[in-house]
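Structural characterization, general
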Amino acid sequence: RALPCRFAPATPACQAVEISVPVAQGNLALLEIRPAEPLCEAPADAPEGECPQGTSKPERAVPLPKSAERRDRLIDGVCRAVETLLAGGNTPLAGKMDQALEILGLAAGVDRVYVQRNRADAKGRETASRIAVWGGCASVENLDIPPDIVFDKRFADRRAALASGRCVSTLLRDIPAAERKKFTALGIVSLLMAPIMLNETFWGLIGFEDCSRERVWTVGEERILRAAGTLVGASLAHEQAGEAQRLS
């Protein structure tokens, strides 16, 4: 089902946006996206240029800062990715996922986006395995190092952060030397991982990689990308519920 989540030109910059996403068994996942810094409307009798104390003045005639432009592109990209994932038709989920990752990658301005699912490997270790990827830098198919993540002691803190619903942002120069070889082979300069929660369980993650620059993500951008991870989880739950219904 397509979700009409486009922003109207007249939508105030301070207005929060709510998105209801259909998930399994007729339930709805309600997401709210709001600006990191609220704007105000000056009272009609206030002197021109003034705004109540503690708030900031609307800047309708001033171009949006780059951070606000990036945030708007991200929100639009998440909305279009949701429309793609929940669209009807005969396209399998894998095809929809590929399209959605491309939309998110272009909206975020990164070189590679991927989804990894948690599982147990042959040694019984908890591992996140890549199940879908969109990318424009180093070839994923010809890598000598598998792009799996093993949640061992070195990854314990990042795993705990993801499982609690928080994003993990990393720069190549801050990665311990023991792990840097794998990131270098993948061509990663900066990376952000957002958790995918499915039925309140840490199901996997969605990663955003930049291969050409050190990307520092704002708090507002991380919130939007967490929402993207939640939407991916919701679409997977929706697909699983539909498959279970077909089998029954």
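How each quantity is defined
Residues numbered from 1 in each chain as written. Predicted model: local features only at pLDDT ≥ 70, side-chain atom pairs only at ≥ 80, totals over all residues. Heavy atoms only, no water. Helix = DSSP H or I, 4+ residues; strand = E, 2+ residues; numbered from the N terminus. Contact = heavy atoms within 4.5 Å. Areas by Shrake-Rupley, 256 points an atom, 1.4 Å probe, with all protein chains shown as cover. Buried < 20%, exposed > 50% of the residue type's maximum accessible area, 1.4 Å probe, protein only. Pairing = 2+ DSSP bridges. Axes fitted to C-alpha atoms, helices over the stretch in contact; angles between N-to-C directions. 1 Å grid on protein atoms, 1.4 Å probe; cavity = no way out; pocket = protein on both sides within 12 Å on 5 of 7 lines; lining within 4 Å. Points joined across faces, edges and corners; volume = space filled by probe spheres on them. Parallel < 35°, antiparallel > 145°, perpendicular 65-115°, else oblique. Nonpolar A, V, L, I, M, F, W, Y, C, P; charged D, E, K, R; others polar.

In terms of regular secondary structure, the protein is built from 5 helices and 8 strands. Start at the N end of the protein and walk to the C end: the helices and strands fall as β-β-α-α-β-β-β-α-β-α-β-β-α. Intrachain contacts of the protein at a sequence separation of at least 6 include 55% that bridge at least 24 residues. Carbon and sulfur atoms provide 52% of the accessible area of the protein, an area that totals close to 14000 Å².

So, about the pairing of strand β8 (residues 201-210). A large share of β8 lies buried, amounting to 9 of its 10 residues. Where strand β3 (residues 112-120) lies against β8, 6 bridges are found, and the strand directions are antiparallel. Bridged to Arg112 within β8 is Glu209. Examined bridge by bridge, strand β7 (residues 190-198) and β8 share 9 bridges and lie antiparallel to one another. Paired with Leu191 across the strands is Glu209, a residue of β8. The turn linking β7 back onto β8 is made up of 2 residues, and Asn199 within it adopts a positive phi angle of 55 degrees.

The 6 strands lie next to each other as β5-β4-β3-β8-β7-β6, forming an open sheet whose pairing is antiparallel. Whereas interior strands pair on both sides, the edge strands pair on one side only; in this sheet they are β5 (149-150) and β6 (168-171). Together, β3, β6, β7 and β8 form the strand contacts of helix α5 (residues 219-247), whose direction differs from that of β7 by roughly 40 degrees.

The next point concerns the layout of surface pockets. To find leftover empty space, one rolls a probe the size of a water molecule over the atoms. For the second largest pocket, the calculated volume is near 410 Å³. Looking at the lining of the second largest pocket, the elements that each hand over two or more residues are β3, β5, α4 (177-185) and β7. Considering each element in turn, the lining of the second largest pocket owes the most residues, 5 residues, to α4.

Turning next to the environment of Ala100. If you trace the backbone, Ala100 turns up in helix α2 (residues 93-108). Given the relative accessible area of 2%, Ala100 is considered buried. Residues Ala100 and Thr84, spaced 16 residues apart in sequence, show a C-alpha to C-alpha distance of 6.1 Å. If near-sequence neighbours (up to four positions away) are discounted, Ala100 is found in contact with Ala81, Thr84 and Leu85.

Contact pair helix α1 (residues 66-85) / α2: the axes reach a minimum separation of 8 Å and the direction vectors enclose 175 degrees. Here α1 is positioned roughly antiparallel relative to α2, judged by the angle of their axes. Mapping the contact onto sequence places Arg73, Leu74, Gly77, Val78, Arg80, Ala81, Thr84 and Leu85 in α1 and Leu93, Lys96, Met97, Gln99, Ala100, Ile103, Leu104, Ala107 and Ala108 in α2. Per-class residue counts for the contact of α1 with α2 are 11 nonpolar, 3 polar and 3 charged.

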